[in-house]
Amino acid sequence: MVSSEFIEGATVGIVIGSDSDLGVMEEAATILKKFGIPFEMTIASAHRSPERAATFASSARNRGIKVIIAGAGHAAHLAGVMAAHTSLPVIGVPIDSSCLQGLDSLLSTVQMPPGIPVATVALGKPGARNAGILAVQILALSDPELEKKLKAFKTEMAEQVEQKAKKLQQ
């Protein structure tokens, strides 16, 4: 579900460059839901609606947002635009939607000029999932309950690996 409305109480803002990116970025939303983190999600293009993108980023802190996750494909500089208009941490998700299979998105997201950092994760759905987890880790720095949930999540992942290893040995 993509909403262009700001959500009261949201601590993470997810912005996507196009509705075609939603299938990828739902992975970040799924992680945030798993941890009970309220978020808002909208569409704002770095190139087709630059004022909307700038407004989203520059007003985020006043709306209570603490982390922005930005996902875009086709060499769009959405995460960079977000980072240029806020001092909040920005996590960029390069989306593999072009004929270059995401290389253009990766390079445009990771190659930021000094002073405008963007934490860039992997391409596509795995990157969006990791962006959600990274947002949780950032928020957990000042939230002991969230830190407990994060530790349990990591323990659960380790236990799943152990179970799979035992199954393989049988």
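Computed from a predicted structure; not experimentally measured. (Residues numbered from 1 in each chain as written. Predicted model: local features only at pLDDT ≥ 70, side-chain atom pairs only at ≥ 80, totals over all residues. Heavy atoms only, no water.)

A. Main features of the UniProt feature "binding site: substrate" (unreviewed entry) in the protein. When the UniProt feature table is mapped onto this chain numbering, "binding site: substrate" (unreviewed entry) sits at S18, D21 and R48. Relative to the elements of secondary structure, S18 occurs in the loop between β1 (12–16) and α1 (22–34). Residue contacts for S18: discarding those within four places in its chain leaves I43 and R48. The topology assignment puts R48 in the loop between β2 (39–43) and α2 (50–60). With near-sequence residues (within four places) excluded, R48 lies in contact with G17 and S18. In terms of polar contacts, R48 uses its side chain to reach the backbone carbonyl oxygen of G17, at 3.1 Å. (UniProt positions renumbered as here; feature names shortened; annotations may be inferred. Helix = DSSP H or I, 4+ residues; strand = E, 2+ residues; numbered from the N terminus. Contact = heavy atoms within 4.5 Å. Polar contact = N/O pair within 3.5 Å; in protein donor to acceptor, adjacent residues only side chain to side chain.)

B. Main features of the packing of aromatic side chains. Applying the stated rule across the entire model yields one aromatic pair. With centroids separated by 5.3 Å and ring planes inclined at 70 degrees, the aromatic side chains of F35 and F153 adopt a geometry described as edge-to-face. Of the two residues, F35 sits in the loop between α1 and β2 while F153 sits in helix α6 (residues 144–169), which places them 118 residues apart along the sequence. Comparing F35 with F153 shows no difference in burial state: the two are buried. (Phe/Tyr/Trp six-rings, centres within 6.5 Å; stacked < 30°, edge-to-face > 60°. Buried < 20%, exposed > 50% of the residue type's maximum accessible area, 1.4 Å probe, protein only.)

C. Representation of the pairing of strand β3 (residues 67–73) in the model. Summarising burial for β3: seven of the seven residues are buried, a large majority. Of the two faces of β3, the one lined by V67, I69, G71 and G73 and the one lined by I68, A70 and A72 are each fully buried. The pairing of β1 with β3 spans five bridges and is classified as parallel. Paired with V12 across the strands is V67, a residue of β3. (Pairing = 2+ DSSP bridges.)

D. Examining the sheet that holds strand β5 (residues 119–120) more closely. Spatially, the five strands line up as an open sheet ordered β2-β1-β3-β4-β5, and their pairing is parallel. Every interior strand has two partners, whereas the edge strands, β2 and β5, have only one. Examined bridge by bridge, β1 and β2 share five bridges and lie parallel to one another. Across the sheet, the residue bridging to V15 is T42, located in β2. Contacting β3, β4 (90–95) and β5, helix α4 (residues 103–110) crosses the sheet at an angle of about 165 degrees to β4. Relative to the sheet, helix α5 (residues 124–140) contacts β1, β3, β4 and β5, its axis offset from that of β4 by approximately 175 degrees. (Axes fitted to C-alpha atoms, helices over the stretch in contact; angles between N-to-C directions.)

E. Spotlight on the packing of α5 against α6. Running from N to C, α5 and α6 point in directions that differ by 140 degrees, and their axes come no closer than 8 Å. Relative to α6, the element α5 lies oblique. Between α5 and α6 the crossing geometry is left-handed. For the pair formed by α5 and α6, the contact residues are R129, I133, V136, Q137, L139 and A140 on the first element and L146, E147, L150, F153 and K154 on the second. Its residues assigned to classes, the contact of α5 with α6 shows seven nonpolar, one polar and three charged. (Parallel < 35°, antiparallel > 145°, perpendicular 65-115°, else oblique. Left-handed = near helix turned anticlockwise from the far one by under 90°. Nonpolar A, V, L, I, M, F, W, Y, C, P; charged D, E, K, R; others polar.)

F. Quick look at the UniProt feature "domain: PurE" (unreviewed entry) in the protein. Listed under "domain: PurE" (unreviewed entry) in the UniProt record, and renumbered for this structure, are residues 10–161. For residues 10–161, the helix share is 49%, the strand share is 16%, and the end-to-end C-alpha distance is 33 Å.

G. Structural view of the pattern of salt bridges. Per the stated rule, a full pass over the model turns up two salt bridges. The partner of R63 in a salt bridge is E40, and the shortest N-O contact between them spans 2.4 Å. Of this pair, R63 sits in the loop between α2 and β3 while E40 is found in strand β2, placing the two residues 23 residues apart along the sequence. This pair shows no difference in class: R63 is buried, exactly as E40 is. Across the salt bridge formed by E145 and K148, the nearest N and O atoms sit 3.3 Å from each other. In this pair, E145 and K148 are both assigned in helix α6, three residues apart and thus about one turn of the helix distant. For K148, a relative accessible area of 54% translates into the label exposed. (Salt bridge = Lys/Arg side-chain N within 4 Å of Asp/Glu carboxyl O.)

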